[in-house]
Amino acid sequence: LSWVNGPIPLARSADRWIGYLPVGLEMKTGTYPLTVEHNCSDNELPDAIPLEVERGDYPVQRLTVEDTGKVQLSSEDLRRHRRESRQIDAALNHVIDTRLWKPPFHPPVDRNQFAPNDSFGSRRIINGQPRSPHSGEDYEASTGDPVYAINHGRVSLTGQFFFSGKGVFVDHGHGLTSMYFHLSEINVREGDFVRGGTRIGSAGATGRVTGPHLHLGVQWREARVDPDPLFFDPKGVFAGDD
């Protein structure tokens, strides 16, 4: 299978094969072909399947951040943010050319408090000023709650970042990276191999936040995608045990 930005790796799960198609926030609406390559003479198998990308309906969030220095950056903080952005870009662009992940995906927080969230793509107004759309999901967590890797991978970056606070990046291979932000504690080091369900840190309220929670971001190649479909079916039921 091939999608707009390259081949789609498939993983065996029980009696089926699973693949994920990245539809990022910036993707334009329209019809895109999912190309099917096969070595079968069955004429009923299509060479391409047209898939429609529709406009998302995202909420507007109005937030108040008491630390105004996290909203109106000083020249020093702006330079720091730019340095950190280069670090993050380097980690996201250094792709492991092997698929390390396999279904199912593990919840990033304890399952009894894990529920779908609608914060992805929301247009944020912080202290009355419009900001970029939210490119991850904010899951409920209290300071000190364990945070887990959502799948097998290698830790590509850790650090204390201006906006994201304490953060961990895990490269799952083939362009799939997960990001865990606002942690109070980090329990892994760059270069560590982690399995899905490994505790990588603790939830917190570091960086630019209004309270403790876990921000989980997922990048599939160059597209920031909604993490929820990795865990929940369209009805919001956790599907990790399928």
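Structural data are supplied above this passage.
This write-up is about the structure you can find in this document. Computed from a prediction, not measured in an experiment: that's the story for all the values here.

1. Some points on the overall build of the protein
Working step 1: Assigned secondary structure in the protein consists of 1 helix and 19 strands.
Working step 2: Along the first, second and third principal axes, the C-alpha atoms of the protein reach 65 × 35 × 35 Å.
Working step 3: Burial statistics for the protein: of 242 residues in total, 42% are counted as buried.
Working step 4: Sequence-distant contacts in the protein: of pairs separated by 6 or more residues, those separated by 24 or more amount to 67%.

2. Notes on the pattern of salt bridges
Working step 1: Scanning the entire structure with this criterion turns up 1 salt bridge.
Working step 2: Ionic pairing is found between R80 and E84, a salt bridge with its closest N-O pair at 2.7 Å. Of this pair, R80 and E84 both sit in helix 1 (residues 75-93), 4 residues apart, which is roughly one turn of the helix.

3. Considering the sheet that holds strand 7 (residues 60-63)
Working step 1: Taken together, 3 strands build an open sheet; the order of strands is 7-8-9 and the sheet is mixed. Looking at which strands have only one partner, the edges of the open sheet turn out to be strand 7 and strand 9 (129-130).
Working step 2: Relative to strand 8 (residues 123-126), strand 7 runs parallel, the two sharing 4 bridges. Within strand 8, the residue paired with L63 across the bridge is I126.

4. What to know about the environment of Y20
Working step 1: Here Y20 lies in the loop between strand 4 (16-18) and strand 5 (30-35).
Working step 2: With 211 residues separating them along the chain, Y20 and F231 place their C-alpha atoms 12 Å apart.
Working step 3: Apart from residues lying up to four places away in sequence, Y20 is in contact with I8, W101, P103, F105, W220 and L230.

5. A word on the side chain of T206
Working step 1: Relative to the assigned elements, T206 resides in the loop between strand 17 (199-202) and strand 18 (214-220).
Working step 2: A distance of 2.8 Å separates a polar side-chain atom of T206 from the backbone oxygen of L183.
Working step 3: Those residues in contact with T206 that sit more than four places away from it in its chain are Q160, S164, G165, K166, H182 and L183.

Criteria and cut-off values
- Residues numbered from 1 in each chain as written.
- Predicted model: local features only at pLDDT ≥ 70, side-chain atom pairs only at ≥ 80, totals over all residues.
- Heavy atoms only, no water.
- Helix = DSSP H or I, 4+ residues; strand = E, 2+ residues; numbered from the N terminus.
- Buried < 20%, exposed > 50% of the residue type's maximum accessible area, 1.4 Å probe, protein only.
- Contact = heavy atoms within 4.5 Å.
- Salt bridge = Lys/Arg side-chain N within 4 Å of Asp/Glu carboxyl O.
- Pairing = 2+ DSSP bridges.
- Polar contact = N/O pair within 3.5 Å; in protein donor to acceptor, adjacent residues only side chain to side chain.

By themselves these figures say nothing about function.
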